[in-house]
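Chain and residue survey
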Amino acid sequence: MPAPHNRFKSALAAGTMQYGCWAGFADPYATEVLATAGFDWLVIDGEHAPNDLRSIMAQLQVLDGKYSAPVVRLPMGEAWLIKQVLDAGAQTLLIPMVESADQARDLVRAMRYPPAGIRGSGAALARASRFSDIPDYIATANDQMCLLVQVETVAGIEALEDILSVDGVDGVFIGPSDLAADMGHMGDSAQPQVQSVIRDALARIKASGKAAGILALDHDTALTYRNWGAQFLAVGIDVVMLAKTARETMARWRNE
Ligand SMILES: O=C(O)C(=O)C[C@H](O)[C@@H](O)CO
């Protein structure tokens, strides 16, 4: 029996549009609720949500067998963190602040067992191998690994072609907020110069044959990014959805 098939990786390779949502409550119950909505992918955010290895694993557990594919975002692309979260069962990683091909190559190697990489061989006691219930896990796991790198700085945009040339990078996510900040437009990704860079980057990613990704909470902006070539398109953040609806509800009653 091989490592579990990574549906999301296959969908990206097939060029299928994938709509996603951020899971930011760092809580399996909330992520389980989100999984009933039918999103193609859900980001278990270890960068900006209060997640740790245990909470990430708990969310991987509730998403087991669900349609929505888990995408785990780590705070940074550290090999020891990657080792731990892959052993916990993650197969798709979103790594922020990637600015060079060398960095991307290191991430590819950290996600793969030797000789293709440096992933430590601890599958025997790992959830990923179903605690050795998948005898062929080590031999088949590499093929199911999906690496999405975030390009979200001026330096990353300048290195985009080199990053796209790295085998093992399945997709490139443009981080609009951090890119805008690094371009001197903190909090304003709608700024024309930023939009121009995003449009060019999405087109170049798509032209390379890799999957282009981005996040947009505004519907019209998300449609624009889809038209510009975004294939894995995040269209919501659960925390923002709840906060916005709660405030609107109270505001309505406050004025009744
Ligand atoms: O730079 C960005 O934009 C992203 O990487 C997405 C954000 O981190 C996401 O958490 C929404 O703010």
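The text that follows walks through the structure, step by step, so that each part is easy to find. The shown structure was predicted, so the numbers you read here are calculated from the model rather than taken from an experiment.

**Details of the overall build of the chain**
The secondary structure content of the chain amounts to 12 helices and eight strands. Relative to a compact globule of 256 residues, whose C-alpha radius of gyration would be 18 Å, the chain shows 18 Å and is just as compact. When its C-alpha atoms are laid out on the principal axes, the chain stretches across 60 × 45 × 30 Å. Out of the 256 residues in the chain, the part that is buried amounts to 49%. For the chain, the proportion of contacts with a sequence separation of at least 24, taken over those separated by at least 6, is 62%. Of the roughly 12,000 Å² that the chain leaves accessible, carbon and sulfur atoms contribute 55%. Side-chain charges of the chain comprise 21 positive and 30 negative groups, with the mean position of each set lying 4 Å from the other.

**Here we look at the side chain of Arg73**
Tracing the backbone through its elements, the reader meets Arg73 in strand β3 (residues 69–73). One polar contact links Arg73 to Asp45, side chain to side chain, over a distance of 2.7 Å. For Arg73, the residues in contact, after removing those within four places along its chain, are Trp22, Val43, Ile44, Asp45, Gly46, Glu47, His48, Leu94, Pro96 and Gln150.

**Side note on the layout of surface pockets**
The calculated volume of the largest pocket comes to roughly 550 Å³. Along the walls of the largest pocket sit 24 residues, with Pro4, Asp64, Pro70, Gly89 and Gln91 positioned nearest its centre. Elements with a minimum of two residues in the lining of the largest pocket: α1 (7–13), α3 (53–63) and β3. Among the residues forming the lining of the largest pocket, the class breakdown is 12 nonpolar, seven polar and five charged. If you add up the space inside the second largest pocket, you get close to 280 Å³.

**Some words on the sheet that holds β3**
Strand-to-strand pairing in sheets goes through backbone hydrogen bonds, with the strands running parallel or antiparallel. In spatial order, the strands read β1-β2-β3-β4-β5-β6-β7-β8; together these eight strands close into a barrel with parallel pairing. Neighbour to neighbour, the strand axes of the sheet diverge by 25 degrees on average, direction disregarded. Two strands pair when backbone bridges link them, and β3 and strand β4 (residues 92–95) are joined in this way by two bridges, in the parallel orientation. Bridge assignment links Val72 to a residue of β4, and that residue is Leu93.

**Section: the site of the ligand**
Around the ligand, the surrounding shell consists of Trp22, His48, Arg73, Gln150, Glu152, Gly175, Pro176, Ser177, Asp178, Leu215 and Ile237. Protein chains bury 85% of the 320 Å² of accessible surface belonging to the ligand in isolation. Most atoms of the ligand, that is more than half of them, are within 2 Å of grid points of the second largest pocket. Among the elements that line the shell around the ligand, the one with the most residues is helix α9 (residues 176–182), at three residues. Within the shell around the ligand, the residues separate by chemical class into four nonpolar, four polar and three charged.

**Considerations on the pairing of strand β8 (residues 232–237)**
Summarising burial for β8: five of the six residues are buried, a large majority. The pairing of strand β1 (residues 18–23) with β8 spans four bridges and is parallel. Bridging across to β8, Gln18 finds its partner in Phe232. In the sheet, strand β7 (residues 211–215) pairs with β8 via three bridges, with the strands oriented parallel. Along β8, the bridge assignment pairs Leu215 with Ala234. In this fold, the crossover linking β7 to β8 by way of helix α11 (residues 219–227) has right-handed handedness.

**Brief notes about the pattern of salt bridges**
Summed over all chains, the structure comprises 10 salt bridges. With a shortest N-O distance of 2.7 Å, Arg73 and Asp45 are connected by a salt bridge. One end of the pair, Arg73, is in strand β3; the other, Asp45, is in strand β2 (residues 41–45), with 28 residues separating them in the sequence. The salt bridge partner of Asp64 is Arg127, with a shortest N-O separation of 2.9 Å. With Asp64 in the loop between α3 and β3 and Arg127 in the loop between α5 (101–110) and α6 (137–140), this residue pair connects regions lying 63 residues apart in the sequence. A relative accessible area of 52% means that Asp64 is categorised as exposed. Salt bridges here are not isolated pairs; linked through shared partners, they connect Asp45, Glu47 and Arg73.

Conventions adopted
- Residues numbered from 1 in each chain as written.
- Predicted model: local features only at pLDDT ≥ 70, side-chain atom pairs only at ≥ 80, totals over all residues.
- Heavy atoms only, no water.
- Helix = DSSP H or I, 4+ residues; strand = E, 2+ residues; numbered from the N terminus.
- Rg over C-alpha atoms; globule rule 2.2 N^0.38 Å.
- Buried < 20%, exposed > 50% of the residue type's maximum accessible area, 1.4 Å probe, protein only.
- Contact = heavy atoms within 4.5 Å.
- Areas by Shrake-Rupley, 256 points an atom, 1.4 Å probe, with all protein chains shown as cover.
- Lys, Arg positive; Asp, Glu negative; His and termini not counted.
- Charge placed at Lys NZ, Arg CZ, Asp CG, Glu CD.
- Polar contact = N/O pair within 3.5 Å; in protein donor to acceptor, adjacent residues only side chain to side chain.
- 1 Å grid on protein atoms, 1.4 Å probe; cavity = no way out; pocket = protein on both sides within 12 Å on 5 of 7 lines; lining within 4 Å.
- Points joined across faces, edges and corners; volume = space filled by probe spheres on them.
- Nonpolar A, V, L, I, M, F, W, Y, C, P; charged D, E, K, R; others polar.
- Pairing = 2+ DSSP bridges.
- Axes fitted to C-alpha atoms, helices over the stretch in contact; angles between N-to-C directions.
- Near = heavy atom within 4 Å.
- Sits in = over half its atoms within 2 Å of the grid points.
- Right-handed = clockwise from strand over helix to strand, strands pointing away.
- Salt bridge = Lys/Arg side-chain N within 4 Å of Asp/Glu carboxyl O.

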